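# Structural features, examined
What follows is each chain in one-letter form.
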Amino acid sequence: MSVVGVDFGTLNTVIAVARNRGVDVITNEVSNRATPSLVGFGPKSRYLGEPAKTQEISNLKNTVGSLKRLAGRTITDQDVQIEKEFVSATIVEMGNTVGAEVTYMGEKQKFTATQLVAMFLSKIKATASAELKLPVSDIVISVPAWFTDVQRRALMDAAEIAGLKLLRLINDTTATALGYGIPRTDLPTADEKPRRVAFVDIGHSDYTCSIVEFKKGELAVKSTTYDRHFGGRDFDKALIQHFAREWKEKYKIDINTNPKALVRTAAACEKMKKILSANAQAPISIESLMNDVDVSGMMKREELEQLVQPLLDRATIPLEQALLEAKMKVEDIDSIEMVGGCTRVPSLKDRISKFFGKGLSFTLNQDEAVARGCAFSCAILSPVFRVRDFSVHDIVNYPIEFNWEQSPDIPDEDTSLTVFNKGNVMPSTKILTFYRKQPFDLEAKYAKPELLPGKMTPWIGRFSVKGVKANGEDDFMICKLKARLNLHGVLNVESGYYVEDVEIEEPIPEEEGEKKETDKKDGEKKDGDAMETDQPNGAAEPKPKVRKVKKQVRKGELPLSSGTASMDQATKDSMAEKENSMFMEDKLVADTEDKKNELESYIYELRGKIDDQYSEFASDEEKAKLKEKLEQSEDWLYDEGDDATRGVYVAKMDEIRFVAGPIIGRYQDKVEEERQAILKLEEE
Ligand code: ATP
Ligand code: K
Ligand code: MG
C-alpha cells in the first residue's frame, strides 16, 4: 500500500508520496510536478487534469475549474457569484448545492461540485498509482483552514466516490508546518521556549497565515487567519482589465465580448505577471487574438503594483490578525516561512517583510510544501508506515454550539451550550451529560454565522438519542454523549451511553495527579483528547489508605441516529459506481485512441521500410501485396475507420502483420545471423 499526500489547489494540484527514503513529489503523465485542477467533458470521454488544460480554450463551456471553491456551496452564496467569474462552464443549482452543466457524450448533463471533485481525485489517484506501480487508497488531502463542516464533508464524500480512503483532511498551513517540523532535529525541548514560526501561504485564490509553536515532536497551531479572496488570480485580473482597456482603444477590439480571447489574454497575463516577479518590465503579445488582430503591449513592474494597489493594501491584515489571535507581537516570531506561488511577488514580499521587521525564509519548496506535509501526515496515520511520531494540535476556527429542547422534567435547564470555542485544540472530544427520562434530540451548529466564509448554513447536524427511559423508580437516566471534532475538522456525535452513580472504595494513589476540571452540569471537559474520567473534585484531604468516591459506572449504550451534511451511503455508492463506469469509459476511449495511433504509425513505418531495409527480403509480388494492403488500410483509416472500436483497430493491425510478418521474419533472421557472426569474430 502506498502513502499519498495531495495539495488540492485552486489552480494546481501536487501529489507527494512517502517512501522509505523520505517524501517525494511525483510527476504526472507529461512529467509535470503539478497537475491543473481542471475537468473537461467531450463527446466521447472526459478530460481530467493535463488533458483538460490542453482542450480548455477550444472547449470553454465544458471545462470546469475552481473545483474546491465550489464544493459544499449553494447558488445564493456570494462566494459562488465571485467564482462564476473564474469558471467558464455554466454553474447551476442542484438541490442544496452547486454544480456545472456541460455537454458530455452529446447530451446536456449536470454534475454536482462534489462529483466534479471526485472526478478530479480519481485522476489524481490514477496518476499516483501509475507512478508508484501500486494501488492507491490511503490519502491525506489539504483544504483551506476556513473550510466549514459542509465543505469538508463534500470533500470527504468526493474522496469516497473516487475510491480513496481519506485518512485526514488537513488545513493547508498545518500541513506545511508539519513538513517543516518533522525533518528538523533542532527543535526546542519540552522545557525550552518553543520556536514560533509564521507560515504565510499565498496561492492562486487565497491567502492564509498560521502562527505555529514547535517543540521536539510536536506542533501547536496558535492562530490561523486568512483572506479568502487574495491570490495570484487577482493580479491576473488586474492585468487583464488593463489590457482589455488598452486594446479597446488601440485596436478597437473588446476581449470582454469574446470568451476565447479573454482566456488567451488571461494565460498571457499570468505569464507576464511571473516575468515581472523577476524583471523590471515584461512584454505581452498574442497573435490573432480576435477579428484577426495581433495585439501587443508592455508593462513595468511599478505599473502592475499601481494596478493592484488596493490588494496590496490588504496584504498585512491577515498578519495583524494572526498575531492578535495568537496573543503575540512581531518580536515573538522567530521566522516567517513563505509558501504558495504568489509569495514570489516582490511587492508582497516587501510588505510582509516590513511588517515583521525581518527577512523572510524560503526554506520550504514554495510549490510543494503543502503536498509534502500531507504525505507526512498520511505516513503518520497509515498503519503500513513507520515514522517518528509528531503530534499535531490544530485549532478550532469557528465556535460550535449544541442546542436541545428543554426537558419537561428540568424547567430551569439551559437549552444551548457552546462546546467548542474558537482557538480550542482540534481534534477534540467532549463529553456532554444530560439528565433525561425519554429519548431526545440535539442539534449542532456554528455559533457565529457571521464568521463563516460566505453565505453558508450554520447548521451542522441533528442527533437523536434513543433508548432513554426513566431509570428505576422514576429517576433520571444520566446520558453521556461523545461529541468529537475529528481529524478532518468535522463534528459528529460519535456515541452515547448511560451511567449510574455508585459509591466505591478505592486506594489513594501515591501522588495525587492534577485536579481534573469537570463542569458538573454539562460534563464538559477542558480541551484536548482527554476522555471520560469523571471524578468529583476536592479529594485532597488527609490521606487514608482507601477512600470512598462516587463514581459513574457505564451501564449501557444509547443508540444514536444522526443527520449531517454528508451524503447518504446509497447515493454515495451509486455515484461511486457511476464514477467508476465513466473512468472505465475514459480508459477505453484512450486505449482505442492509442490503438488507432499505433496502427497509423505501423502503416507509415512499413511503407518507409519496404523499399529500404526490407527490400531484399521480399519478392516483387510480396512487395506489391503489402503495399496494396497498406494503401487500403490507410484509406480505411481516414474514412470509416476514423471512428472504430479498439477491437477493430487491433484486427486491422493483425491483417497487416499477416502480410508483413514473413518479410520482417526474414529480415530479423538476417540481423541475428550477423550479430552471431560478429560475436564469434570477437571471441576469436
Ligand atoms: P490556492 O492555494 O489559492 O487554492 P494553488 O495552491 O493552486 O491555489 P499555488 O500553486 O500556490 O496556488 O500558486 C499559483 C499562483 O501563483 C498562480 O496565480 C501563479 O500565477 C502564481 N505564481 C507562480 N509563480 C509566480 C511568480 N514567479 N510570480 C508571480 N506569481 C506566480
Ligand atoms: K498548489
Ligand atoms: Mg495552495
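Presented here is an overview of the structure given in this document. No experiment lies behind these values; they were computed from the predicted model shown. (Residues numbered from 1 in each chain as written. Chains lettered and ligands numbered in written order. Predicted model: local features only at pLDDT ≥ 70, side-chain atom pairs only at ≥ 80, totals over all residues. Heavy atoms only, no water.)

Our next topic: the side chain of Ser37. Mapping Ser37 onto the fold places it in the loop between strand S4 (35-36) and strand S5 (39-41). Given a relative accessible area of 2%, Ser37 falls into the buried group. A polar side-chain atom of Ser37 sits 2.7 Å from a polar atom in the side chain of Thr13. Contacts of Ser37, omitting those with residues within four sequence positions, involve Phe8, Gly9, Thr10, Leu11, Asn12, Thr13, Val64, Gly65, Ser66, Leu67 and Phe120. (Helix = DSSP H or I, 4+ residues; strand = E, 2+ residues; numbered from the N terminus. Buried < 20%, exposed > 50% of the residue type's maximum accessible area, 1.4 Å probe, protein only. Polar contact = N/O pair within 3.5 Å; in protein donor to acceptor, adjacent residues only side chain to side chain. Contact = heavy atoms within 4.5 Å.)

Scanning the entire structure with this criterion turns up 18 aromatic pairs. Seen in terms of ring centroids, Phe8 and Phe120 are 5.8 Å apart; in terms of plane orientation they differ by 20 degrees. Their pairing is stacked. One end of the pair, Phe8, is in strand S1 (residues 4-8); the other, Phe120, is in helix H4 (residues 113-132), with 112 residues separating them in the sequence. There is no split in this pair, since Phe8 and Phe120 are both buried. (Phe/Tyr/Trp six-rings, centres within 6.5 Å; stacked < 30°, edge-to-face > 60°.)

All right, on to the coordination of the potassium ion (ligand 2) then. Around the potassium ion (ligand 2), the protein supplies Asp7 (OD) and Asn12 (O) as donor atoms, at distances of 2.9 to 3.2 Å. If you look at the potassium ion (ligand 2) and the magnesium ion (ligand 3), they sit 3.9 Å from each other. (Donors = N, O, S within 2.8 Å, 3.2 Å for Na, K, Ca; no water.)

Attention now moves to the site of ligand 1. The environment of ligand 1 is made up of 20 residues, and the closest members are Thr10, His204, Glu270, Lys273 and Ser277. Thr10 places a side-chain nitrogen or oxygen 2.6 Å from an oxygen atom of ligand 1. Asn12 is positioned such that a nitrogen or oxygen atom in its backbone is 3.0 Å from an oxygen atom of ligand 1. Relative to its free-state accessible area of 650 Å², ligand 1 is covered by the protein chains to the extent of 91%. For the shell around ligand 1, the secondary structure elements donating two or more residues are helix H7 (232-251) and helix H8 (259-278). Among the elements that line the shell around ligand 1, the one with the most residues is H8, at 4 residues. (Near = heavy atom within 4 Å. Areas by Shrake-Rupley, 256 points an atom, 1.4 Å probe, with all protein chains shown as cover.)

Pairing of strand S26 (residues 477-485) with strand S27 (residues 491-507), which is carried by 8 bridges, proceeds in the antiparallel orientation. By the bridge assignment for S27, Leu481 is matched with Gly496. Between the end of S26 and the start of S27, which pair antiparallel, lie 5 residues, with Gly489 showing a positive phi angle near 85 degrees. Note: S27 against strand S28 (residues 546-557), 11 bridges, orientation antiparallel. If you follow Glu503 over to S28, its bridge partner there is Lys550. (Pairing = 2+ DSSP bridges.)

Quick look at the pattern of salt bridges now. For the structure shown, the criterion picks out 47 salt bridges. Asp79 is paired through a salt bridge with Arg73; the nearest N and O atoms lie 3.1 Å apart. Summarising the burial analysis for this pair, Asp79 and Arg73 share the class buried. The residue Lys572 makes a salt bridge to Glu160 at a minimum N-O spacing of 3.2 Å. Taken together, the residues span a long stretch of sequence, with Lys572 in helix H14 (residues 569-610) and Glu160 in helix H5 (residues 149-161) at a distance of 412 residues. A single salt-bridge network, built from bridges that share partners, covers Arg19, Arg21, Asp24 and Glu131. (Salt bridge = Lys/Arg side-chain N within 4 Å of Asp/Glu carboxyl O.)

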